[in-house]
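Below are the chains, spelled out letter by letter.
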Amino acid sequence: NEEQTTVVTDEQSKQSIRLTISPELHPFFFDLVHNTSWSTGELNALAKKHKTTVSAAIEEINGWSDEHLGDFLIEEGEPVIINGKLLEQIGSIK
C-alpha cells in the first residue's frame, strides 16, 4: 500500500501531478526543493541524512519530473542545480 503525494500546479491550470517516486524519497525531495543550488558535499550530506544515495535519488526524481513536468528537475554538475522553471510550474506541493 504505497503512499502517494499530490503536487498541485498553479490555480489557472487546475492540474495536479502525483509525486510517484518511492515514499522513502519524499522527505529527500521536499528538502531538496528548498534550495535551487547544492554543492556536491551538501547533496551527499542530504542523501546520507535520508538514507539514500545521490545517484539513485537523482535518477528516480529526474525520471518522474521528465515524465510529468517535461524536463529534469535536477541538473548535475558543480553545483547541482534545481531547475527553477519547473518549480515555478508547481503552485504548491502537498
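Residues numbered from 1 in each chain as written. Predicted model: local features only at pLDDT ≥ 70, side-chain atom pairs only at ≥ 80, totals over all residues. Heavy atoms only, no water.

Draft legend 1. Inspection of the nonpolar core at higher detail. Of all hydrophobic cores here, the largest spans 23 residues; its most connected members are Phe28, Phe29, Leu32, Leu43, Ile61, Leu73 and Ile74. Tallying contributions element by element places helix 3 (residues 54-69) first for this core, with six residues. Excluding its chain neighbours within four sequence positions, the residues that come into contact with Leu43 are Phe28, Leu32, Trp38, Val54, Ile58 and Val80. (Core = buried A, V, L, I, M, F, W, Y, C linked by side-chain atoms within 4.5 Å. Buried < 20%, exposed > 50% of the residue type's maximum accessible area, 1.4 Å probe, protein only. Helix = DSSP H or I, 4+ residues; strand = E, 2+ residues; numbered from the N terminus. Contact = heavy atoms within 4.5 Å.)

Draft legend 2. Looking closely at the confidence of the model for the protein chain. Across the protein chain, pLDDT averages 82, with 77% of residues at or above 70. Note that pLDDT drops below 50 for residues 9-15; the model gives that stretch 10 contacts with residues more than four away or on any other chain. (pLDDT = per-residue confidence, 0-100.)

Draft legend 3. View of a negative patch on the surface. Taken together, the side chains of Asp66, Glu67, Asp71 and Glu75 present a region of like negative charge at the surface. Inspection of the secondary structure assignment puts Glu75 in strand 4 (residues 74-75). (Patch = residues over 30% accessible without salt bridge, like charges linked within 9 Å, V, L, I, M, F, W, Y side chains within 5 Å. Areas by Shrake-Rupley, 256 points an atom, 1.4 Å probe, with all protein chains shown as cover. Salt bridge = Lys/Arg side-chain N within 4 Å of Asp/Glu carboxyl O. Lys, Arg positive; Asp, Glu negative; His and termini not counted. Charge placed at Lys NZ, Arg CZ, Asp CG, Glu CD.)

Draft legend 4. Structural context of helix 2 (residues 40-49). Inspection of helix 2 places Leu43, Leu46 and Ala47 among the buried residues, and these make up the whole buried set. Relative to the axis of helix 2, the buried residues are bounded by an arc of 100° and lie together on one face. In helix 2, those exposed residues whose orientation departs by more than 90 degrees from the buried face are Lys48 and Lys49. On its buried side, helix 2 packs onto helix 1 (26-32), strand 3 (37-38), helix 3 and strand 5 (80-82). (Arc of directions from axis to C-beta.)

Draft legend 5. View of the sheet that holds strand 4. The strand order across the open sheet formed by three strands is 3-5-4, and the pairing between neighbours is antiparallel. Strands at the two margins of the open sheet, each flanked by one partner only, are strand 3 and strand 4. Of the strand pairs in this sheet, strand 3 and strand 5 are connected by two bridges, and their pairing is antiparallel. Looking across to strand 5, one finds that Ser37 is bridged to Ile81. (Pairing = 2+ DSSP bridges.)

Draft legend 6. Region of the structure containing the environment of Glu42. As for its placement among the helices and strands, Glu42 is situated in helix 2. Distance from Glu42 to Val80, taken between C-alpha atoms, is 9.6 Å for residues 38 residues apart in sequence.

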